[in-house]
Amino acid sequence: MSSDAVLFAGGVVAWTLAEYVVHRFVLHGIAPTEHRQHHANPDGAVLTIFWQIWICFALVYLIAGGAFVAGALVAYAWYLFVHHCAHHGPDKLPLPLLMHHQSHHRFATRNFGISTTLWDRVFGTMLG
């Protein structure tokens, strides 16, 4: 396997882990105010793109290079698609992923992964 393929895969894995960590510890811990609004009104707009993420992608590009960032951007696009569909087009998602997200909205202390259930399984926060 080429080093670019490994870096791309690493970017995918890194994004999913970052998504989990930010959702669990930042949005449900350190800075929960705006995220509570999403939980209170889950059908509102969910495609808000924060400027901070683009700074992070730029920094990661400078540190790890284009293949890694490409993997992270593909995973980020998947995250945006999954989160949007979970609220506005549930018929477009695999049922287990949809149910995972819906359970998070009912029990906000579990199921922090949006684009994957992997990290909830790894860290023991998987509901059911």
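The model shown is predicted, which means the values in this text are computed figures rather than measured ones. (Residues numbered from 1 in each chain as written. Predicted model: local features only at pLDDT ≥ 70, side-chain atom pairs only at ≥ 80, totals over all residues. Heavy atoms only, no water.)

**Q** Outline the overall build of the protein, listing residues and values.
**A** Counting secondary structure elements, the protein contains six helices and zero strands. Scanning the protein from its N terminus toward the C terminus, one meets helices and strands in the order α-α-α-α-α-α. The buried share among the 128 residues of the protein stands at 37%. Counting only contacts in the protein whose residues sit at least 6 apart along the sequence, the fraction spanning at least 24 positions is 56%. Element-wise, carbon and sulfur atoms account for 69% of the exposed surface of the protein, whose accessible area totals about 7,600 Å². (Helix = DSSP H or I, 4+ residues; strand = E, 2+ residues; numbered from the N terminus. Buried < 20%, exposed > 50% of the residue type's maximum accessible area, 1.4 Å probe, protein only. Contact = heavy atoms within 4.5 Å. Areas by Shrake-Rupley, 256 points an atom, 1.4 Å probe, with all protein chains shown as cover.)

**Q** A description of helix 3 (residues 51-64) should follow, citing residues and the corresponding values.
**A** Along an α-helix, a turn takes 3.6 residues, which lines up residues three or four apart on a common side. In this model helix 3 runs 20 Å from its N-terminal to its C-terminal C-alpha over 14 residues, within 8% of the 20 Å that 1.5 Å per residue would give. Backbone geometry just downstream of helix 3 places Gly 65 in the positive-phi region, at approximately 100 degrees. (Expected span 1.5 Å × (residues − 1).)

**Q** Can you explain the environment of Ala 14? Please cite residues and give values.
**A** Positionally, Ala 14 belongs in helix 1 (residues 3-30). Residue class for Ala 14 comes out partly exposed when judged on its relative accessible area of 31%. Once the C-alpha coordinates of Ala 14 and Val 69 are considered, the two residues, 55 residues apart in sequence, prove to be 9.7 Å apart.

**Q** Lay out the nonpolar core with the relevant residues and their values.
**A** Trp 15, Ile 53, Phe 57, Tyr 76, Tyr 79, Val 82 and Leu 93 are the most contacted members of the largest nonpolar core, which totals 16 residues. When residues of this core are traced back to their parent elements, those giving at least two are helix 3, helix 4 (66-88) and helix 5 (95-106). Sort the elements by how many residues they give to this core and helix 4 lands first, with nine residues. Not counting residues up to four positions away in its chain, the partners in contact with Val 82 are Leu 93, Leu 97, Ile 114 and Ser 115. (Core = buried A, V, L, I, M, F, W, Y, C linked by side-chain atoms within 4.5 Å.)

**Q** How would you explain the packing of aromatic side chains if you had to name every residue and give the values?
**A** The description of an aromatic ring pair uses the distance of the two centres, along with the angle that the planes make with each other. On inspection of all chains with the given rule, the structure shows nine aromatic pairs. The rings of Trp 15, Phe 57, Tyr 76 and Tyr 79 are connected pair by pair, giving a single aromatic cluster. (Phe/Tyr/Trp six-rings, centres within 6.5 Å; stacked < 30°, edge-to-face > 60°.)

**Q** Please give an account of unusual backbone geometry that cites residues and values.
**A** Excluding glycine, a negative phi dihedral is what most residues carry, and trans is how most peptide bonds are arranged. Of note in the backbone geometry, Asn 111 takes a positive phi value of approximately 55 degrees without being a glycine. With respect to the secondary-structure elements, Asn 111 resides in the loop between helix 5 and helix 6 (118-123). Here Asn 111 falls in the buried class, since its relative accessible area comes to 1%.

**Q** Let's hear about the packing of helix 4 against helix 5: which residues, and what values?
**A** Direction vectors running N to C along helix 4 and helix 5 enclose 70 degrees, while the axes themselves pass 10 Å from each other. As judged from the angle between their axes, helix 4 and helix 5 are roughly perpendicular. Helix-helix and strand crossings are classified by hand; for helix 4 and helix 5 the assignment is right-handed. On helix 5, the residues that touch Trp 78, Val 82, His 83, Ala 86 and His 87 of helix 4 are Leu 97, Leu 98, His 101 and His 105. (Axes fitted to C-alpha atoms, helices over the stretch in contact; angles between N-to-C directions. Parallel < 35°, antiparallel > 145°, perpendicular 65-115°, else oblique. Left-handed = near helix turned anticlockwise from the far one by under 90°.)

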